[in-house]
Amino acid sequence: MNIRLSLLALLAALSLPLHAADGIHSQTVRFAAGTSSAQYQQTLTGHEVRAYVLRARQGQVLVVGLRGPGSTNFNVLDAGDDTALFNGALDGPDARVTLPRTGLYTVRVYQMGQAKSARRTTRYQLNIAVRDTPPAHATPHGAGSLADLVGARAAGGETQLQARGYVNVGGGKRHGHSDTVWWNAAQQRCVAVTTANGRYQRIDEAAAARCNAG
């Protein structure tokens with residue numbers, strides 16, 4: 001009887017899906033003294049998930065940027081009830097989330113599609129920053145003094161950014177729109193520009209690390 005039970009237990013264990021062992025790897029986000037941003041360069045294999053947990057206050061803005069293959073995505077979750085505040089697979093590689101309460105939040109990075117099912121290993125870079133609530137006069141999708149460029153044609157917007165001291169330091173295309181990152185050395189400021197249908201759709205503050213300046 002004991003031998004039979006042992007064999008059944010072994011067969012049951014072998015029949016479990018491979019991803020059951022992958023699990024979720026959690027770590028606490030820690031900002032260096034005097035800063036409010038952090039950068040992580042890590043890998044994912046198959047069904048593996050990495051979770052970055054941080055505490056923030058109600059009204060603060062959580063800024064997240066993911067750079068990696070298109071199969072790599074992230075969600076922003078309220079750790080209290082796992083409510084998804086941002087879905088990268090639908091909304092793209094950059095998030096700017098105004099937090100609804102004081103507490104813990106999770107940025108969960110995962111793979112999709114063939115990379116996930118074939119258990120491929122991919123490398124990614126994740127930038128996380130927490131900002132205080134912008135002034136009431138700031139335009140929601142325009143970073144401060146650049147708000148007037150939202151809606152501008154891309155070519156004209158680039159000319160204006162350059163005239164204001166910004167330099168294009170990177171970007172790419174994803175989910176039908178393009179994302180470019182601009183750095184202003186004089187202001188020590190990094191912004192992310194989302195372009196679709198030939199026009200600037202939004203301009204957001206970004207962590208300095210995204211401009212390789214953090």
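Residues numbered from 1 in each chain as written. Predicted model: local features only at pLDDT ≥ 70, side-chain atom pairs only at ≥ 80, totals over all residues. Heavy atoms only, no water.

**Comments concerning the sheet that holds strand β6 (residues 83–87)**
Basically, it comes down to this: DSSP bridges decide pairing: two strands pair if at least two such bridges lie between them. We count a stretch as a helix when DSSP gives it H or I for four or more residues in a row; a strand needs E for two or more, and each element gets its number in order from the N terminus. For helices, the axis comes from a line fit to the C-alpha atoms of the stretch in contact; other axes are also lines fit to C-alpha atoms, and the angle between any two N-to-C directions lies between 0 and 180 degrees.
The five strands are arranged β1-β3-β8-β5-β6 in an open sheet whose pairing can be described as mixed. Bordering the open sheet on either side are β1 (24–28) and β6, each of which pairs with just one other strand. Neighbouring strand axes in the sheet, compared pairwise and without regard to direction, differ in orientation by 25° on average. With five bridges joining them, β1 and strand β3 (residues 49–56) adopt parallel strand pairing. Directly across from H25, in β3, lies its bridge partner R50.

**Points about the nonpolar core**
Defined as follows: Nonpolar cores are built from buried Ala, Val, Leu, Ile, Met, Phe, Trp, Tyr and Cys residues. Side-chain atoms within 4.5 Å join them into one set. Relative accessibility thresholds used throughout: buried, under 20% of the residue-type maximum; exposed, over 50%; partly exposed, between the two (1.4 Å probe, protein chains only). Should any heavy atoms of two residues lie within 4.5 Å, those residues are counted as being in contact.
Within the largest apolar cluster, 23 residues are counted, with the highest numbers of intra-cluster contacts made by Y52, L62, F74, L126 and I128. Mapped by element, the contributors of at least two residues to this core are β2 (37–45), β3, β4 (61–67), β5 (72–78), β7 (94–98), β8 (103–111) and β9 (121–131). Not counting residues within four places of it along the chain, the set of residues in contact with L126 comprises A38, Q39, Y40, Y52, V64, G65, L66, V107 and V109. Core analysis: the second largest hydrophobic core is formed by 10 residues, L161, Y166, V191 and V193 among them.

**Here's the deal with the confidence of the model for the protein**
The line we're drawing: pLDDT expresses, on a scale from 0 to 100, how confident the predictor is about each individual residue.
Across the protein, the average pLDDT comes to 80, with 81% of residues at or above 70. The low-confidence segment residues 135–142, where pLDDT is below 50, has 10 contacts with residues more than four positions distant or belonging to other chains.

**Comments concerning the side chain of R189**
Cut-off, in case you're wondering: Think of a polar contact as two N or O atoms within 3.5 Å of one another; within protein, one of them needs to be a possible hydrogen donor and the other a possible acceptor, and neighboring residues in sequence only count if both atoms come from side chains.
Take R189: it is sitting in strand β12 (residues 189–196). Residue classification places R189 among the buried positions, given a relative accessible area of 13%. A polar contact is formed between the side chain of R189 and the side chain of Y166, at a distance of 3.0 Å.

**Remarks on the sheet that holds β9**
Strand order across the open sheet formed by four strands is β2-β9-β4-β7, with antiparallel pairing between neighbours. Across the chains shown, the open sheet's two edge strands, defined by having one partner strand only, are β2 and β7. Sheet twist, expressed as the average angle between the axes of neighbouring strands with direction ignored, equals 20°. Where β4 meets β7, five bridges bridge the pair, whose relative direction is antiparallel. In the sheet register, V64 faces β7, and the bridge partner there is A95.

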